[in-house]
4 protein chains.
Amino acid sequence: MQVQDVRSVVITVKCQSRPGIVAAFSQVIFECHGDILDINQHNDKTQDRYFMRMACQLQAGEIPALRERLNAVAARLGAYYTLQDGVESTRTLIMVSRFDHCLNDLLYRWRIGELNMQPVGIVSNHPKDVACSRISLGDIPFYYLPVSDSTKDEQEDRLRTIIADTKAELVVLARYMQVLSDRFAREMEGRCINIHHSFLPGFKGAKPYHQAYKRGVKLIGATAHYVTSDLDEGPIIEQDVERVTHSDTAEDLVRKGRDIERRVLSRAVLYHLEGRVILNDDKTVVFLN
Amino acid sequence: MQVQDVRSVVITVKCQSRPGIVAAFSQVIFECHGDILDINQHNDKTQDRYFMRMACQLQAGEIPALRERLNAVAARLGAYYTLQDGVESTRTLIMVSRFDHCLNDLLYRWRIGELNMQPVGIVSNHPKDVACSRISLGDIPFYYLPVSDSTKDEQEDRLRTIIADTKAELVVLARYMQVLSDRFAREMEGRCINIHHSFLPGFKGAKPYHQAYKRGVKLIGATAHYVTSDLDEGPIIEQDVERVTHSDTAEDLVRKGRDIERRVLSRAVLYHLEGRVILNDDKTVVFLN
Amino acid sequence: MQVQDVRSVVITVKCQSRPGIVAAFSQVIFECHGDILDINQHNDKTQDRYFMRMACQLQAGEIPALRERLNAVAARLGAYYTLQDGVESTRTLIMVSRFDHCLNDLLYRWRIGELNMQPVGIVSNHPKDVACSRISLGDIPFYYLPVSDSTKDEQEDRLRTIIADTKAELVVLARYMQVLSDRFAREMEGRCINIHHSFLPGFKGAKPYHQAYKRGVKLIGATAHYVTSDLDEGPIIEQDVERVTHSDTAEDLVRKGRDIERRVLSRAVLYHLEGRVILNDDKTVVFLN
Amino acid sequence: MQVQDVRSVVITVKCQSRPGIVAAFSQVIFECHGDILDINQHNDKTQDRYFMRMACQLQAGEIPALRERLNAVAARLGAYYTLQDGVESTRTLIMVSRFDHCLNDLLYRWRIGELNMQPVGIVSNHPKDVACSRISLGDIPFYYLPVSDSTKDEQEDRLRTIIADTKAELVVLARYMQVLSDRFAREMEGRCINIHHSFLPGFKGAKPYHQAYKRGVKLIGATAHYVTSDLDEGPIIEQDVERVTHSDTAEDLVRKGRDIERRVLSRAVLYHLEGRVILNDDKTVVFLN
């Protein structure tokens, strides 16, 4: 057995609830001489729906046989499954407007090896010196797509081309302040993560920190969610909050919010990259340990 | 100087912003041979409004002179002030429906000396054996005020009588599930604290934990606020949250929520009793250390 | 199939790491027509040790067959397993000294159905009116075991007798301030939970809040752990903290600490009762969802 | 009155407790036509010691008169005071070894205007391409001071020269892993902030995350403190924690710890820069709002 051939793979399963699912899938791993490192499952009783995540290690040479057996088991149980090979990093496109704190944070975490992604491009509706003047992008391509009412559709087509050309598997809206079309949201279902700067469902829409200041809340938050055609209503992946007081101005909330936004978005991206997030209609299943 | 005569008093001040307020009020304390233990202030720049809280110690015999001087200073500066003598505990009426966890918590904290209040009665729209079967009320009077659509007004009048008879200065709605009238809310402005079982402004209205479950949020919360005629829109005193996951059912959220509700409500009541909360239109100033 | 026969059982497994464990155990559940509701596992790579928890539902009539098959699988894999029938509540003895906030909290949670335990007795080194004057014990027996240097061993023997007579499976030290013997700690391994009023390993020993005040920490905490012969060094089950400031006196820390202690202890007891905690030498595996 | 002349100044006061301090200092501000924006005080009863912070706005032209009057009041009350003019940013030297996450975070916050400091240099015991290969330093000078047992004293002298030449008022040890001498610690009293990667007083010394893993704690933390000659015993400015589980390896703790370290250190630096921290022997007073 050659050490260099050992692979970490993540398998996710989604199907109708029924007995024997763990037994069937774990048997397949065992037959392929794999070792289950992590296993999580969730029964959504209200929907009679079952979700599972298995992180395994096995010889690279076993992966084709594993896929074949998984196909058979999935067919028998009426299950939908995914298999993610841990060697491959996810090709990721990051979109940003004028605030670069989330972008800076994602790139730093990628550079020190925290996020197993490959940034294939930065897209902004502002020029590079506005969008990320303080950040060294290295050789990550920057795409300037200025948006006006008249060019909106055209620019979204260019975005589609960029996604296709760069083979981006994930799009992260890292404080990208332009609304994308319903069509785009549908095309990118489960592959486009947005950070909204409020604790949803409170303070949807524009200027949430100013709304929060006006309402006098004692905690502010941020929400990372998959983009859907219904603005700020997409399945929530991660949220967090921080305490504020009467002495915090709206500007203070913006400042404190930056810290919340970047940790919430980076966690959501991490969970997505590690295959921990499964869509469940308007909600998510997020398997942590 | 006799030790037994030393009193702790709390002074709150509210006025238009202008220089010299701290100087003027602290000079008055000094002239009455008082010692300032705590001082907090807040300038609301958006409203050009000033708030201050001073906790002082002085001889009981100095209090009349202090009041006189405070009257003069307040008149000169156009300020509104309150003076609370720490010896007196606040007469408090607690209202409850079917869930007694908040009531139990408040009474326990009162019994071990955490809350400087005097419970003058428990009011419920359910009989005593439903409303608080697990709790020993000791000699705190229990008032059963069943509410139906036809008796609503009449019962609220009885409630007014109870408040008047017991000289209640504070009413705490400790999971009291009946809506009180606009008139009542106005009469009790700044003296009636409610606990809402969601992180407002998210999930207003009925069954907030079920709304939260449906939306798939990753944190749930509770909000203590002063009651106003606008339901779930009153000035927020305190909020807190706890993390939940996809595996929590709506019933799990109810269970986890109980812990949040009781700590949020007990903190809000504590802050109120210690004179730490000042109303600022739809918001509050809460002076902590 | 009769609905009233459906049982929830919790199975925990502990063995050397090896492939096929999930497959083997989940197969057994499947063969007994059981449904896996929850499954968690942990590989401790540093010890080459494997831990698993399965929560299942199956017909009561299947339980004997399940035990038989589990025995066979466990023998084959060299595994140690436990099976807990969810119908049975854990017989629990609670020990307390002068502070009853944890006791009050545990009993309240038991009364509203949060904790699936059966309190078989309260033991204190103080008389009932000192140990729990503010709490109605109902028909839970109270045992007064005053401890002095000369009676220590004798009283611990009485405690052993009480544990034996009441068939207590779990002993909770709910701010019991007497040190138990090494022998007792060994006898009760994994069945005796203590709450220490600091964030261990900081501030071991006596008066931890006063130690914390002296050191000027900005957060204080509490730690629930299994009792071992090494004081304050037992396997940690749960910890939590709260923020404090320079303005908090040692007495304020004691007050704030009460809230932390009771939520940490009640969580630890809940996790233990639900079979979520497995000992791993000096540490614990705690399976949450 | 010319708008451009309005200055924000921060005054801190430290003296023996006695009545009239607020009155005296606020009167001085009033006489100089200043406006008190924030006022905080603390009475340390155990030491009979008084601390105050006032943030004021006044005409730049009034500052000399203010200093004169403050000198007089301070002399009369036996008080020690500081006055910090908000226009001036604090000259700051940052020291780092091999991990640059704290450095990166501090520089980013400075660049977006969160931290009112002027970085006058980066010092490392590693070459620039090791210490901060991922970060663009712009025109901040980098000093490479390799340390060995034989060169330790000599390099510390070079460090002294750098501090003198750059007129650094604050030194931040942003994961600088070399121990500085007692003499240096005394020279820099209250002007040198270190981040220790544990929740002190737990896990002092080397490899705290590995110690935490071994002990099986359920929360890990970080501590920012002023450097003293007693290692890891300096006055604590800020601490924070995050939840971990049995499934986190020592390496996971290191990763999660990075986030805690950078937010704890950046907060401590912010508080120091805003004149919010006053030394109280082995502890700090930290005035937040």
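Note that the coordinates shown come from a computational prediction; the quantities given were computed from them, not determined experimentally.

Calculation rules
- Residues numbered from 1 in each chain as written.
- Chains lettered and ligands numbered in written order.
- Predicted model: local features only at pLDDT ≥ 70, side-chain atom pairs only at ≥ 80, totals over all residues.
- Heavy atoms only, no water.
- Contact = heavy atoms within 4.5 Å.
- Buried area = accessible area lost by both parts, 1.4 Å probe.
- Salt bridge = Lys/Arg side-chain N within 4 Å of Asp/Glu carboxyl O.
- Polar contact = N/O pair within 3.5 Å; in protein donor to acceptor, adjacent residues only side chain to side chain.
- Helix = DSSP H or I, 4+ residues; strand = E, 2+ residues; numbered from the N terminus.
- Least-squares fit on C-alpha atoms with pLDDT ≥ 70 in both.
- Pairing = 2+ DSSP bridges.
- Axes fitted to C-alpha atoms, helices over the stretch in contact; angles between N-to-C directions.
- UniProt positions renumbered as here; feature names shortened; annotations may be inferred.
- Buried < 20%, exposed > 50% of the residue type's maximum accessible area, 1.4 Å probe, protein only.
- Nonpolar A, V, L, I, M, F, W, Y, C, P; charged D, E, K, R; others polar.
- Expected span 1.5 Å × (residues − 1).
- Arc of directions from axis to C-beta.
- Domains from an automatic or database assignment.

Engineer: Can you walk me through the interface of chain B and chain A in this structure?
Structural biologist: The figure often quoted for interface size is the accessible area lost as the parts come together. At the interface, 34 residues of chain B touch 34 residues of chain A. Here chain B meets chain A over a buried area of about 2,800 Å², counting both sides, of which 54% is carbon and sulfur. The largest per-residue losses of area from chain B upon contact with chain A belong to Arg215, Lys218 and His246 of chain B, which jointly make up 27% of the total buried on that side. Measuring nitrogen to oxygen at the nearest pair gives 3.8 Å for the salt bridge that ties Arg243 of chain B to Asp240 of chain A. Where chain B touches chain A, the interface holds 21 residue pairs in polar contact (both at pLDDT 80 or more). Looking at the side of chain B that touches chain A, the element that brings in the most residues is strand β11 (residues 236-243) of chain B, giving seven residues.

Engineer: Mind showing me how you'd approach the relation of the copies chain C and chain B here?
Structural biologist: Between the two copies of this chain, the relationship is a rotation about some axis together with a displacement along it. Laying chain C over chain B is done by rotating through 180 degrees and shifting 0.0 Å along the axis; what remains is an RMSD of 0.0 Å. Seen this way, the second copy is the image of the first under a two-fold rotation axis. Considering only C-alpha atoms, the residue of chain C closest to the rotation axis is Ser136 of chain C, which sits at 3.6 Å.

Engineer: Could you clarify how one ought to interpret the sheet that holds strand β8 (residues 170-173) of chain D in this entry?
Structural biologist: Strand pairing in a sheet relies on backbone hydrogen bonds. The paired strands run either parallel or antiparallel. Residue and element names in this part refer to chain D. The strand order across the open sheet formed by seven strands is β7-β6-β5-β8-β9-β10-β11, and the pairing between neighbours is mixed. Single-partner strands in this sheet number two, and they are β7 (142-144) and β11 (236-243). Within the sheet, the average angular offset between the axes of one strand and its neighbour, ignoring direction, is 20 degrees. The pairing of β8 with strand β9 (residues 192-196) spans three bridges and is parallel. Bridged to Val172 within β9 is Ile193.

Engineer: Which parts of the structure should I look at to understand the UniProt feature "active site" (unreviewed entry) in chain A?
Structural biologist: As annotated by UniProt and renumbered to match this structure, "active site" (unreviewed entry) occupies Asp232 of chain A. Note on placement: Asp232 of chain A falls in the loop between β10 (219-226) and β11 (236-243). When sequence neighbours within four positions are dropped, the list of residues in contact with Asp232 of chain A reads His196, Leu200, Lys204, Gly205 and His225 of chain A together with Arg215 of chain B.

Engineer: I tried to follow the side chain of Ser124 of chain D on my own but got confused; where do I start?
Structural biologist: Along the chain, the position of Ser124 of chain D falls in strand β6 (residues 117-124). Contact partners of Ser124 of chain D, with chain neighbours within four places excluded, come to Val96, Ser97, Ala131, Phe142, Tyr143, Tyr144, Leu145 and Pro146 of chain D.

Engineer: Just to check I follow, could you spell out the pattern of salt bridges for this structure?
Structural biologist: Considering all chains together, one arrives at 100 salt bridges over all chains under this definition. Between Arg243 of chain A and Glu238 of chain B there is a salt bridge, with its nearest N and O atoms 3.1 Å apart. Of the two residues, Arg243 of chain A is situated in strand β11 and Glu238 of chain B in strand β11; the pairing between them involves two chains. With a shortest N-O distance of 2.7 Å, Glu261 of chain D and Arg175 of chain D are connected by a salt bridge. Of this pair, Glu261 of chain D sits in helix α8 (residues 250-273) while Arg175 of chain D sits in the loop between β8 and α6 (182-187), placing them 86 residues apart in sequence. One exposure class covers both Glu261 of chain D and Arg175 of chain D, and it is buried. Connected via shared salt-bridge partners are Asp105, Arg109 and Glu114 of chain A together with Arg258, Asp259 and Arg262 of chain D.

Engineer: When you look at the interface of chain C and chain B in this model, what are you seeing that I'm missing?
Structural biologist: In this complex, chain C contributes 18 residues to the contact, which on the side of chain B involves 18 residues. Interface area, chain C with chain B, both sides summed: about 1,900 Å², of which 45% is carbon and sulfur. Among the residues chain C hides against chain B, the three largest losses belong to Tyr108, Arg134 and Arg262 of chain C. Together they make up 30% of the total. Here chain C is connected to chain B by six salt bridges. As a salt-bridge pair, Glu114 of chain C and Arg258 of chain B come within 2.9 Å of each other at their nearest N and O atoms. Of all the secondary-structure elements, those providing two or more residues to the side of chain C that touches chain B are α3 (101-111) and α8 (250-273) of chain C. With six residues, the single largest contributor to the side of chain C that touches chain B is α3 of chain C. Class assignment of the residues belonging to the side of chain C that touches chain B gives a composition of three nonpolar, five polar and ten charged.

Engineer: How should helix α5 (residues 152-166) of chain A be read in this particular structure?
Structural biologist: Because each turn of an α-helix spans 3.6 residues, side chains separated by three or four positions in sequence point in the same direction. Residue and element names in this part refer to chain A. Taking 1.5 Å per residue as the helical rise, α5 with its 15 residues ought to reach 21 Å, and the 21 Å between its terminal C-alpha atoms agrees with that figure. Regarding α5, the residues found buried are Gln155, Glu156, Leu159, Arg160, Ile162, Ile163 and Thr166. When α5 is viewed along its axis, its buried side chains cluster within an angular range of 160 degrees and face the same direction. Facing away from the buried side of α5, by more than 90 degrees, are the exposed residues Asp153, Ala164 and Asp165. Structurally, α5 contributes buried residues whose contacts are with β5 (90-96), β6 (117-124), β7 (142-144), β8 (170-173) and α6 (182-187). Where α5 ends, the next residue or the one after it, Lys167, has phi of about 55 degrees, a positive value.

Engineer: What am I meant to see in unusual backbone geometry here?
Structural biologist: Glycine aside, a negative phi is what most residues show, and trans is what most peptide bonds show. Cis geometry is adopted by the peptide bond preceding Pro201 of chain A, which originates at Leu200 of chain A and carries an omega value of 10 degrees. Looking at the element boundaries, Pro201 of chain A is found in the loop between β9 (192-196) and α7 (208-215). We note that Asp48 of chain B has phi near 55 degrees; this positive angle belongs to a residue other than glycine. Here Asp48 of chain B shows up in the loop between β2 (35-44) and β3 (49-59). For Asp48 of chain B, a relative accessible area of 38% corresponds to the partly exposed category. One non-glycine residue, His33 of chain C, adopts positive backbone phi at about 60 degrees. You can see His33 of chain C is positioned in the loop between α1 (21-31) and β2 (35-44). Here His33 of chain C falls in the exposed class, since its relative accessible area comes to 59%.

Engineer: Would you take a moment to explain the sheet that holds strand β6 (residues 117-124) of chain B for this structure?
Structural biologist: Residues and elements named next belong to chain B. The seven strands lie next to each other as β7-β6-β5-β8-β9-β10-β11, forming an open sheet whose pairing is mixed. With one partner strand each, in any of the chains shown, β7 (142-144) and β11 form the two edges of the open sheet. In this sheet, neighbouring strand axes are inclined to one another by 20 degrees on average, regardless of whether the strands run parallel or antiparallel. Docked against the sheet, helix α8 (residues 250-273) engages β5 (90-96), β6, β8 (170-173), β9 (192-196), β10 (219-226) and β11, running at close to 150 degrees with respect to β11.

Engineer: Explain the domain arrangement of chain A to me, please; I cannot follow it from the model alone.
Structural biologist: Residue and element names in this part refer to chain A. Each assigned domain of chain A is listed here: domain 1 (3-85) and domain 2 (90-286). Each of domain 1 and domain 2 has a C-alpha centre, and these two points are 31 Å apart. Each partner contributes to the interface: domain 1 provides 13 residues, whereas domain 2 provides nine residues. For the pairing of domain 1 and domain 2, the buried interface totals around 850 Å² over both sides, and the portion due to carbon and sulfur atoms is 43%. Per-residue buried area on domain 1 facing domain 2 is highest for Phe51, Arg53 and Gln84; these three make up 47% of the total on that side. Linking domain 1 with domain 2 are one salt bridge, by the criterion used here. Two residues, Asp281 and Arg49, come together in a salt bridge whose shortest N-O distance is 3.2 Å. Run the count over domain 1 and domain 2 and you get seven residue pairs in polar contact (both at pLDDT 80 or more). Only β1 (6-16), β2 (35-44) and β3 (49-59) provide two or more residues apiece to the side of domain 1 that touches domain 2. Its residues assigned to classes, the side of domain 1 that touches domain 2 shows four nonpolar, four polar and five charged.

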